[in-house]
Amino acid sequence: MKAFCSKRVLLPGGICEAVVLVQNGVITQVTMGNSRPPGVHCIELGNQLLMPGVVDTHVHINEPGRTEWEGFDTITRAAIAGGVTTLVDMPLNASPVTVTANYFNEKLAAAHGQLHCNVGFWGGIVPGNTADIAPLIQKGVLGFKAFLTHSGIDDFPNVTGDDLKLAMPILAKHQMPLLVHCELTDNQTRATGNPLQYQNYLNSRPKKWEDDAIALMIQLCQAYHCRVHIVHLSSAESLEQIILAKSRGLPLTVETAQHYLYFCAEDIKDGQTQFKCAPPIRESANNKQLWLALKEGLIDMVATDHSPATPALKQTESGNFMQAWGGIASIQYALPVLWTAARERGCSMQQVAQWLCQKPALLAGLHHKKGSIAAGFDADLVVLDDEKSFVVEDASCLHRHKLSPYNGERLYGVVQQTYLAGQLVYEEGSVLALNKGKIILST
C-alpha cells in the first residue's frame, strides 16, 4: 500500500489538497486534506499536480506489417513519457488490418511483450465484412472504425451508406460505438496548382466534404440509434448540424485533434509536409470556432490521431503536399500541446482532463476504471509540472521517427512521473519499467 500526497490533486470535483491511497494497483480511498495514514509509505508531491493518466482513443500503431512507421514498443514508450497511460489502436495502418477475428489475433500476438502502457483496440468496418463484426466483438474490440473516403491504404477501403446500414444495427444491438472518418469526396474538387503550397492542399479537401459526411452520419445515427463518434473534426461549419443532432438526443459524440486547436493554416509554410493531415488544418477563424465549441461541450474530447510515417513517405525532401502521407506524429505531446493552447485561452486543467481523460474513457467503455482519480479506479497517474515549459527536440522524442510539426515549439506541462497501476514507469526523462502495460479487452 502507498499514498500519493499533493496540495493539488485533480479530482472529478476539482483540484484540491488530497491523499490518494493505492493498493494492488487500484485507488482504494481519496481523502481531502493532508492527513497521512499511519504506517503507509507516502509519495510527497508538494505543489505538483497529480492527475489521471491520459486516455488517447485515436492512435495508429501500424504493427504488424508496417512497424517501420511505428510499433508497439516505440509508441508505448512515447506514450508514458507524455503522460498517456491508455491508448486505443486504430484498425489501420497495420498489415493485416483489424477487420476479422483472425487478423485481430495477429495484432494481439504482435503486441505481446511490447506494451509499456495499456492498449485497447478498435475493429474495422469495410465493405463485405459485416459477418466479421460479431466475432470481433466476441474477441474484445472496444468499438469499430470506418472511413467514408479513401483511408490512404487500399487494404482498408471506405464504406458507403449502404455498408453502414448493414453494420449499424449490429453495433446498436451490442452498444458498440462507430467511429467515423467523415469526408465525402465529390467529382468537382481537384488538386490544382503548385503541390508545394499548403493552400492548394487545403483547397483540395474542402469543408463541404466533412459537412456532407457528418450530415450522412447524423441521418444514419437517427435511423439506427447506433452510437456514432465523429473523429478529428476540423470543419467548424459542421457545428450547427451537430448542435441540432445533440439537441434531439442522438447518441452522437465528437472529437477534434490537438493539431486543429494548436496550429492554423496561415502559419504553415510551403513544403512543410510534417503538417499534412486529413482533414487538413484550417484557418484561424475556423480554429477559434473549434475552441468555442470545445469549451461549450459541443465537441466532447480531444485525441491525437497519432499517424506517423517514414520521412520518405512524408516527402520531406520534395515538400510535395499532394504526394506526402497525411498523418501527424504527436502522442508524446498530447498533454502539453493541449495544455499550452488551453491556458492561453483561459481554460483550466480540469477542463483539459475532461477532454483528455474522462470523455475518452467514456467513449471506449473504460469510464468505470480509467480517466479519473476516485476510489475503485486503476491507479494510472501522472505527476505534472503545469507551470514548467520545454522545447520539443529530437533528443527527447521517443517516437520511431522524430518528424513532427511540434518540433521547436515551446510547450507548457512537463511530465515528471507516470504511474501504471501505482507503479512508477517513467520519471524525468527516463523510462524506468518496461512491459507494465496491459491489453484491454471489452469482454
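Scroll up to find the structure.
Procedures and definitions
Residues numbered from 1 in each chain as written. Predicted model: local features only at pLDDT ≥ 70, side-chain atom pairs only at ≥ 80, totals over all residues. Heavy atoms only, no water. Helix = DSSP H or I, 4+ residues; strand = E, 2+ residues; numbered from the N terminus. Buried < 20%, exposed > 50% of the residue type's maximum accessible area, 1.4 Å probe, protein only. Areas by Shrake-Rupley, 256 points an atom, 1.4 Å probe, with all protein chains shown as cover. Lys, Arg positive; Asp, Glu negative; His and termini not counted. Charge placed at Lys NZ, Arg CZ, Asp CG, Glu CD. Phe/Tyr/Trp six-rings, centres within 6.5 Å; stacked < 30°, edge-to-face > 60°. Lys NZ or Arg CZ within 6 Å of the ring centre and 35° of its normal. Pairing = 2+ DSSP bridges. 1 Å grid on protein atoms, 1.4 Å probe; cavity = no way out; pocket = protein on both sides within 12 Å on 5 of 7 lines; lining within 4 Å. Points joined across faces, edges and corners; volume = space filled by probe spheres on them. Nonpolar A, V, L, I, M, F, W, Y, C, P; charged D, E, K, R; others polar. Axes fitted to C-alpha atoms, helices over the stretch in contact; angles between N-to-C directions. Contact = heavy atoms within 4.5 Å. Right-handed = clockwise from strand over helix to strand, strands pointing away. Polar contact = N/O pair within 3.5 Å; in protein donor to acceptor, adjacent residues only side chain to side chain. Core = buried A, V, L, I, M, F, W, Y, C linked by side-chain atoms within 4.5 Å.

Colleague: Hey, could you go over the overall build of the protein chain for me, with residue numbers and the actual values?
Modeller: A count of helices and strands for the protein chain gives eleven helices and 18 strands. Once the C-alpha set of the protein chain is aligned to its principal axes, its extents read approximately 70 × 45 × 45 Å. A buried classification covers 59% of the 443 residues belonging to the protein chain. Total accessible area computed for the protein chain in this model is approximately 16200 Å², and 48% of it derives from carbon and sulfur atoms. Side chains of the protein chain give 35 positive and 41 negative charges; the mean places of these two sets differ by 4 Å.

Colleague: Got a sec to walk through the packing of aromatic side chains? Specific residues and values, please.
Modeller: All told, the structure shown has 13 aromatic pairs when counted by the stated rule. For the pair Phe-104 and Phe-121, a centre-to-centre distance of 5.5 Å together with 70° between the ring planes defines the contact as edge-to-face. Pair noted here: Phe-104 is in helix 2 (residues 101–111) and Phe-121 is in strand 8 (residues 118–121), with a separation of 17 residues, a long-range link. Exposure remark for Phe-104: the relative accessible area of 0% places this residue in the buried category. With relative accessibility at 1%, the residue Phe-121 sits in the buried group. In this structure an aromatic cluster arises from ring pairing among Tyr-262, Phe-263, Phe-275, Tyr-333 and Tyr-406. For Arg-66, the ring lying beneath its charged end belongs to Trp-69, and the centroid distance is 5.6 Å.

Colleague: Run through the sheet that holds strand 9 (residues 123–124), naming residues and quoting values.
Modeller: Overall, parallel pairing links the six strands, which are arranged 9-10-11-12-13-14 in an open sheet. For this open sheet the edge positions go to strand 9 and strand 14 (301–302), each flanked by a neighbour on one side alone. With three bridges connecting them, strand 11 (residues 178–181) and strand 12 (residues 228–230) associate as parallel partners. Bridge pairing in strand 12 links Leu-179 to His-229.

Colleague: Just give me the short version of the pairing of strand 2 (residues 14–23), but keep the residues and values in it.
Modeller: Here strand 1 (residues 2–11) runs beside strand 2; their pairing, made up of eight bridges, is antiparallel. Pairing of Leu-11 across the sheet is with Gly-14, part of strand 2. Hairpin connection, strand 1 to strand 2: the antiparallel pair is bridged by two residues. Between strand 2 and strand 3 (residues 26–32), which follow one another and run antiparallel, lie two residues, and Asn-24 among them has a positive phi close to 55°.

Colleague: Let's hear about empty space enclosed by the protein: which residues, and what values?
Modeller: With the rule as written, the count across this model stands at two cavities of 30 Å³ or more. Approximately 70 Å³ is the volume attributed to the largest cavity. Looking at the lining of the largest cavity residue by residue, the classes come out as six nonpolar, five polar and one charged. Every residue lining the second largest cavity is listed: Pro-52, Gly-53, Val-55, Thr-85, Thr-86, Lys-369, Lys-370, Gly-371, Ser-372, Phe-377, Asp-378 and Asp-380. Residues of the lining of the second largest cavity, tallied by class, amount to three nonpolar, five polar and four charged.

Colleague: Explain the sheet that holds strand 6 (residues 54–59) to me, and be specific about the residues and the numbers.
Modeller: If you walk across this open sheet you meet the three strands as 6-7-8, and the pairing is parallel. Because the sheet does not close on itself, it has two edges, and the strands there are strand 6 and strand 8. Averaged over all adjacent pairs, the angle separating strand axes in this sheet is 20°, with direction ignored.

Colleague: I'd like a rundown of the environment of Gln-222, residues and numbers included.
Modeller: Note on placement: Gln-222 falls in helix 6 (residues 207–224). For Gln-222, a relative accessible area of 45% corresponds to the partly exposed category. Expressed as a C-alpha distance, the spacing of Gln-222 and Lys-438, which sit 216 residues apart in the sequence, is 36 Å. Look past the residues within four positions of Gln-222 in its chain and what remains in contact with it is Arg-248 and Leu-250.

Colleague: Give a detailed account of the pairing of strand 7 (residues 84–89), specifying residues and quantitative values.
Modeller: Among the six residues of strand 7, six are classified as buried, and the element is accordingly described as predominantly covered. Sheet analysis places strand 6 next to strand 7, joined by four bridges and oriented parallel. Bridged to Asp-56 within strand 7 is Leu-87. Where the polypeptide runs from strand 6 across helix 1 (residues 72–81) and back to strand 7, its parallel neighbour, the crossover connection is right-handed. Across four bridges, the pairing between strand 7 and strand 8 is parallel. Pairing of Leu-87 across the sheet is with Val-119, part of strand 8.

Colleague: How would you sum up the environment of Asn-194? Please name residues and give values.
Modeller: Within the secondary structure, Asn-194 sits in the loop between strand 11 and helix 5 (198–204). There is a polar contact of 2.9 Å between the side chain of Asn-194 and the backbone nitrogen of Leu-196.

Colleague: Could you give an account of helix 1, with specific residues and numbers?
Modeller: In terms of residue burial, helix 1 counts as a mostly covered element, since eight of its ten residues are buried. Within helix 1, burial applies to Phe-72, Thr-74, Ile-75, Thr-76, Ala-78, Ala-79, Ile-80 and Ala-81. Looking one or two places after helix 1, you find Gly-83, whose phi comes out positive at around 85°.

Colleague: Which residues make up the nonpolar core, and what values go with them?
Modeller: For soluble globular proteins, the rule of thumb is that nonpolar side chains tend to be buried together. Core analysis: the biggest nonpolar cluster contains 106 residues, and Phe-144, Leu-178 and Met-217 have the highest contact counts within it. Per-element accounting of this core gives the leading share, seven residues, to helix 10 (residues 334–344). For Phe-144, the contacting residues outside a window of four places in its chain are Trp-122, Gly-123, Gly-124, Ile-125, Ile-133, Leu-136, Ile-137, Leu-171, Met-176, Pro-177, Leu-178 and Leu-179. If you look at the next biggest cluster of nonpolar residues, it comprises 24 residues, including Met-90, Val-97, Val-99 and Ile-153.

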